[in-house]
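Residue strings, one per chain:
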Amino acid sequence: MPLALSLTTADMQRHSLTSWWPAECWPQVFNKLIRRYKYLEKGFEEEIKKLLLFLKGFTESERNKLAMLTGILLANGNISASILNSLFNENLVKEGVSAAFAVKLFKSWINEKDINSVAASLRKVGMDNRLMELFPANKRSCEHFSKYFTDAGLKELSDFARNQQSIGARKELQKELQEQMSRGDPQKEIIAFTKEEMKKANLSEQAMICIIWTSVMSSVEWNKKEELVTEQAIKHLKQYSLLLKAFTSQGLSELSLLLKIQEYCYDNIHFMKAFQKIVVLLYKADVLSEEAILKWYTDAHVAKGKSVFLEQMKKFVEWLKNAEEESESDEEETD
């Protein structure tokens, strides 16, 4: 083991981290060493991982100093967030050492950077969905995590973890819906299941219709030929119109669905010419209302494929407007 790395573990333990230099100097020392001797970088990270496994050998004061140092090293990019694996050690977790250490570490890290930078680093090494493991299994809930870190002054970390859990729950729900559709489960059963899961996860109807759309479009193998995929899409969506209708009871949900369709048709090149036919189908099936379509056309669309899709919808929108005017005229004559 290189001398510099030997100093990292043994001497930091023996000299309580600060007997040679003040604590704030250590990050600079390691940073300069690693920059000068690049081959030390990987070994240094491994030494930090080992060091964290023996946190119980430090006093509380020493652990706090090490946590602050580790946070700064993470912020500087001297080590990766994979070192957090050591904090998931069963004994450290059980005795609450991991969670207490994580508070000091994340405070130091966020103080140097910000929550977005921290989140990006966590995602890079797959740690973004593992923070709950800082707690024993019986306390591994979003509510407990949120309270613990919010009380410790780390609300931004609590919000991040809650958001990650929500994303995870949505992915699982989407996967389950996709499987139900692939099995050919009755739509009434799928609707009942979806409403129950929507309530459990505290999801809005706008969020739910987007999940349903993605599940519906992912549950089939699409034809690669553009001239055939439109016919296939119409047939497939017609089959699930009852499901889509059950989760578009609000204007915002209809707009969310329209935007999802627009993005899907743009991102999947074979569907570029299918957009108008899909919208018309869903209008006829009472999934999308006249008001929602006109709102989308006027000012609620996004930039993706805008010119192509607006042109496709032009004649249908004109027809909708004329039908609306005729309806208003008939009402006036009746009065």
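Residues numbered from 1 in each chain as written. Predicted model: local features only at pLDDT ≥ 70, side-chain atom pairs only at ≥ 80, totals over all residues. Heavy atoms only, no water.

## Concerning the overall build of the chain
Each helix and strand counted, the chain has 17 helices and zero strands in total. For the chain, buried positions account for 43% of its 335 residues. Contacts in the chain between residues at least 24 apart in sequence constitute 70% of all its contacts with a sequence separation of at least 6. Summed over its atoms, the accessible surface of the chain is roughly 18,200 Å², and 49% of this surface lies on carbon and sulfur atoms. (Helix = DSSP H or I, 4+ residues; strand = E, 2+ residues; numbered from the N terminus. Buried < 20%, exposed > 50% of the residue type's maximum accessible area, 1.4 Å probe, protein only. Contact = heavy atoms within 4.5 Å. Areas by Shrake-Rupley, 256 points an atom, 1.4 Å probe, with all protein chains shown as cover.)

## Concerning the nonpolar core
One finds M208, L243, F271, I278, W296 and M313 to be the most contacted residues of the largest nonpolar core, which totals 52 residues. When residues of this core are assigned to their parent elements, the largest contribution, eight residues, is made by helix 11 (residues 205-218). Those residues in contact with M313 that sit more than four places away from it in its chain are F275, Q276, V279, I293, W296 and Y297. (Core = buried A, V, L, I, M, F, W, Y, C linked by side-chain atoms within 4.5 Å.)

## So, unusual backbone geometry
Positive phi is not limited to glycine here, since N202 has a value of about 55°. With respect to the helices and strands, N202 occurs in the loop between helix 10 (187-200) and helix 11. Positive phi, normally seen in glycine, also occurs at D286, with a value near 65°.

## Concerning the packing of aromatic side chains
Applying the stated criterion across every chain yields a total of 15 aromatic pairs. Both rings, one in Y148 and one in F149, keep their centres 5.3 Å apart while their planes meet at 70°; by these two values the pair is edge-to-face. Overall, Y148 belongs to the partly exposed group, its relative accessible area being 28%. Taking the relative accessible area as the measure of exposure, F149 reaches 0% and is therefore buried. Ring plane angle 85° and centroid distance 5.8 Å describe the contact between W213 and Y264, whose orientation is recorded as edge-to-face. Taken together, the residues span a long stretch of sequence, with W213 in helix 11 and Y264 in helix 14 (residues 251-267) at a distance of 51 residues. One aromatic cluster is present, built from ring pairs that chain together F135, F145, Y148 and F149. (Phe/Tyr/Trp six-rings, centres within 6.5 Å; stacked < 30°, edge-to-face > 60°.)

## So, helix 9 (residues 155-183)
A rise of 1.5 Å per residue sets the reference length of helix 9, with its 29 residues, at 42 Å; its end C-alpha atoms lie 42 Å apart and thus fit the reference within 8%. For helix 9, every residue scored as buried is listed here: L157, S158, F160, A161, Q164, L173, L177, Q180 and M181. For helix 9, the elements touching its buried residues are helix 6 (97-112), helix 7 (115-124), helix 8 (142-151), helix 10, helix 11 and helix 13 (241-246). G184 lies just past helix 9 and shows a positive phi near 80°. (Expected span 1.5 Å × (residues − 1).)

## A short note on the layout of surface pockets
Counted as a void, the largest pocket has a volume near 240 Å³. Around the largest pocket sit C142, E143, R162, Q165, S166, A169, R170, K200, A201, N202 and L203, which together line it. Classifying every residue of the lining of the largest pocket by side-chain character gives four nonpolar, three polar and four charged. (1 Å grid on protein atoms, 1.4 Å probe; cavity = no way out; pocket = protein on both sides within 12 Å on 5 of 7 lines; lining within 4 Å. Points joined across faces, edges and corners; volume = space filled by probe spheres on them. Nonpolar A, V, L, I, M, F, W, Y, C, P; charged D, E, K, R; others polar.)

## Topic: the pattern of salt bridges
All told, the structure shown has eleven salt bridges when counted by the stated rule. Salt-bridge contacts for K273 lead to E226; the nearest nitrogen and oxygen are separated by 3.3 Å. Within this pair, whereas K273 is found in the loop between helix 14 and helix 15 (275-284), its partner E226 is found in helix 12 (residues 226-239), the two being separated by 47 residues in sequence. A salt bridge links D299 to K295; the shortest N-O distance between them is 3.2 Å. Taken together, the positions of D299 and K295, both in helix 16 (residues 290-300) and four residues apart, correspond to about one turn of that helix. Since its relative accessible area comes to 47%, D299 is described here as partly exposed. What makes K295 partly exposed here is its relative accessible area of 40%. (Salt bridge = Lys/Arg side-chain N within 4 Å of Asp/Glu carboxyl O.)

## Topic: helix 6
With 16 residues, helix 6 should reach 22 Å at 1.5 Å per residue; the first-to-last C-alpha distance of 23 Å fits that figure. Those residues of helix 6 not exposed but buried are V97, S98, A99, F101, A102, V103, L105, F106, S108, W109 and I110.

## Observations regarding the confidence of the model for the chain
On average, residues of the chain score 87 in pLDDT, and 86% of them are at 70 or above. This model gives residues 1-21 a pLDDT under 50, and the stretch forms 43 contacts once residues within four places in sequence are excluded. (pLDDT = per-residue confidence, 0-100.)

## Observations regarding the side chain of Q262
Relative to the helices and strands, Q262 resides in helix 14. Note on Q262: relative accessible area 0%, which makes it buried. Within the structure, Q262 has its side chain in polar contact with the backbone oxygen of K304 (distance 2.8 Å). Sequence-distant contacts of Q262, defined by excluding residues within four places in its chain, comprise F275, W296, H301, V302, A303, K304, K306 and F309. (Polar contact = N/O pair within 3.5 Å; in protein donor to acceptor, adjacent residues only side chain to side chain.)

## Concerning the environment of Q239
Locating Q239 in the fold gives a position in helix 12. Here the alpha-carbon distance between Q239 and Q187, two residues 52 residues apart in the chain, equals 9.1 Å.

## A short note on the packing of helix 4 (residues 60-76) against helix 6
To describe two helices that pack against each other, one gives the angle between their axes and the distance between the axes. It is the contact of helix 4 with helix 6, at a shortest axis distance of 7 Å, that shows an interaxial angle of 45°. By the criterion of interaxial angle, the relationship of helix 4 to helix 6 is oblique. For the element pair helix 4 and helix 6, the recorded crossing hand is right-handed. Where helix 4 abuts helix 6, its residues R63, N64, L66, A67, M68, T70, G71, I72, L74 and A75 lie against V97, F101, K104, L105, S108, W109 and E112. (Axes fitted to C-alpha atoms, helices over the stretch in contact; angles between N-to-C directions. Parallel < 35°, antiparallel > 145°, perpendicular 65-115°, else oblique. Left-handed = near helix turned anticlockwise from the far one by under 90°.)

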